[in-house]
Amino acid sequence: DLHRVDRRQRQMCIRDSIAGEEMYVRKHFDEFRSLTRRERQVLTRIAQGFSNKDISGQLYITLETVKSHRKNIKKKTGIPTTAGLVQFAIAFELI
């Protein structure tokens, strides 16, 4: 039955996706734990698409402090791109 094959394939894809995300989280758990509470707040806003200026205003910190947090987040996670940081934030359910 074609409907069953499609359903079975969908289930396998979902299972593989969940397994891949779990492996990602396990692999990067220490990096996540190394982030301070404030760095996690900044990362959440980065992942939500806010600019450094917006983040500065929302968290009542200077623009330079936001840039410093962003630099530290990239260093601690080993992730150089914003897209990678978004993936990281999603995996750790920050957004």
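Before any of the text, the structure's been laid out above.
Let me sum up the structure you'll find in this document.

1. Some points on helix 2 (residues 37–47)
No. 1: Turning to helix 2, its buried residues number three or more, namely Glu39, Val42, Leu43, Thr44, Ile46 and Ala47.
No. 2: One or two positions beyond helix 2, positive phi appears at Gly49, with a value near 95°.

2. Overview of unusual backbone geometry
Peptide bonds are, in most cases, trans, and in most cases residues other than glycine have a negative phi.
No. 1: Positioned with a positive phi, Tyr60 is a non-glycine residue whose angle comes to about 60°.
No. 2: You can see Tyr60 is positioned in the loop between helix 3 (52–59) and helix 4 (63–77).
No. 3: Assessed through its relative accessible area of 76%, Tyr60 is described here as exposed.
No. 4: Although it is not a glycine, Glu93 sits at a positive phi angle of roughly 55°.
No. 5: Among the secondary structure elements, Glu93 is positioned in the segment after helix 5 (82–91).
No. 6: What makes Glu93 exposed here is its relative accessible area of 67%.

Calculation rules
- Residues numbered from 1 in each chain as written.
- Predicted model: local features only at pLDDT ≥ 70, side-chain atom pairs only at ≥ 80, totals over all residues.
- Heavy atoms only, no water.
- Buried < 20%, exposed > 50% of the residue type's maximum accessible area, 1.4 Å probe, protein only.
- Helix = DSSP H or I, 4+ residues; strand = E, 2+ residues; numbered from the N terminus.

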